[in-house]
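These are the residues of each chain, in order.
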Amino acid sequence: MPGQPTLPALRSFLLPWALTIFHIGLGNPAPHPGPHYLLSPIHEVIHSRRGATATLPCVLGASPPSYKVRWSKVEPGELRETLILITNGLHARGYGPLGDRARMRRGHRLDASLVIAGVRLEDEGRYRCELINGLEDESVALSLRLEGVVFPYQPRRGRYHFNYFEAKQACEEQDGRLATYGQLYQAWTDGLDWCNAGWLLDGSVRYPVLTARAPCGGPGRPGIRTYGPRDRKRDRYDAFCFTSALAGRVFFVPGRLTLPEAHEACGRRGAAVAKVGHLYAAWKFSGLDQCDGGWLADGSVRFPITTPRPRCGGLPDPGVRSFGFPQPQQAAYGTYCYAEK
């Protein structure tokens, strides 16, 4: 009959469909794209803290006849990967700044997981485990995220004095590093509301707004406002720094001290004047609550509040309050000291 398919045409249509059903019934589904040897990780984000030991899982489902596993870190905003370690299953060799702190876990013969000891702030980021077997290379990607706190930072001269490289250095001097967008977003969800724009690690400039208002970009929805990528050498803003848990402890020394006297007071106790990042970390992770202004190493005076009350800054939310940068010879404050454990 005209318009009806012929028997050969029906066979060509039905045969592939029937074979697919047959393979599925046997538990052998049709091939699909994806790793053939590397198993997909159950958790693609690994959470850790500074100073801890972190394990990034990478496991082979079967062992190729000959292969290498290459671990690398994807550097944000720089479009490059930093080599960490290469192993052939028997021997491993470390490379770069992570080399002496990175090793293979070797839980079993198919285990290619990476162990990072003494996690540092700069270790946060995206990692790649790549299997090189000479036929078809495979890789899995994981992210290492540190639990921490973001703090805005500006120098004594006032706001908007840092280019990108100066902002990066300023964060490192205060026991931190430039925050990533993800870290700033998490800080915003935790309550960070700040009108001054600051550099982030990827070279963009942003600021978090919870309550839209005229001085903070005008009306609109809450969120992370952005200036987009800026000229890293010419443009000047503040910095958003990120720090994590401390290896040591922060404590307060009362008194009416000048900044030089604050350094002497901490030194007599086997400590140093705390940095801004130290104070934020102690507030975040140790619950430091002190209703007294104290000198910090950069010449600023601040105090941490975990339980807001009328006589401690008057603000309804927890946070680190600031008196700015008094004259170093002004004998009016105690000091916050930091001692390594």
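Please refer to the structure placed before this passage.
Residues numbered from 1 in each chain as written. Predicted model: local features only at pLDDT ≥ 70, side-chain atom pairs only at ≥ 80, totals over all residues. Heavy atoms only, no water.

Asker: So what exactly am I meant to see when it comes to the nonpolar core here?
Answerer: Burial of nonpolar side chains together is a common tendency in soluble globular proteins. Grouped together as the largest cluster of nonpolar side chains are 72 residues, with contacts concentrated most on W71 and Y336. The biggest single contributor to this core is helix α5 (residues 276-286), with five residues. Grouped together as the second largest cluster of nonpolar side chains are 14 residues, F251, L257, L259 and Y333 included. (Core = buried A, V, L, I, M, F, W, Y, C linked by side-chain atoms within 4.5 Å. Buried < 20%, exposed > 50% of the residue type's maximum accessible area, 1.4 Å probe, protein only. Helix = DSSP H or I, 4+ residues; strand = E, 2+ residues; numbered from the N terminus.)

Asker: Would you explain the sheet that holds strand β4 (residues 80-87) in this entry?
Answerer: Strand order in the open sheet formed by six strands is β1-β9-β8-β3-β4-β5, and the pairing between neighbours is mixed. On the outer flanks of this sheet lie β1 (45-48) and β5 (92-94), each paired with one strand and no other. With direction set aside, neighbouring strand axes in the sheet form an average angle of 30°. Where strand β8 (residues 125-132) meets strand β9 (residues 138-146), seven bridges bridge the pair, whose relative direction is antiparallel. In the sheet register, R126 faces β9, and the bridge partner there is S143. (Pairing = 2+ DSSP bridges. Axes fitted to C-alpha atoms, helices over the stretch in contact; angles between N-to-C directions.)

Asker: Honestly, the state of the cysteines in this entry has me stumped. Any pointers?
Answerer: By definition, a disulfide is the covalent link that joins the sulfur atoms of two cysteine residues. Tallying each qualifying case throughout the model produces five disulfides. Here C195 pairs with C216 through a disulfide, and the sulfurs are 1.4 Å apart. Separated by 21 residues along the polypeptide, C195 in the loop between α3 (181-189) and β12 (198-199) and C216 in the loop between β13 (204-209) and β14 (223-229) bring together distant segments of the chain. Judged by its relative accessible area of 24%, C195 falls in the partly exposed class. A sulfur-sulfur separation of 2.0 Å characterises the disulfide bridge that pairs C266 with C337. One quick way to see it: the torsion about the S-S bond of C266 and C337 is about -80°, and its sign makes the bridge left-handed. You can see C266 sitting in helix α4 (residues 259-268) and its partner C337 sitting in strand β21 (residues 333-339), a full 71 residues away along the chain. By relative accessible area, which is 0% here, C337 ends up buried. When the cysteines engaged in disulfides are numbered in sequence order, the protein chain pairs them as 1-2, 3-6, 4-5, 7-10, 8-9. (Disulfide = S-S within 2.5 Å.)

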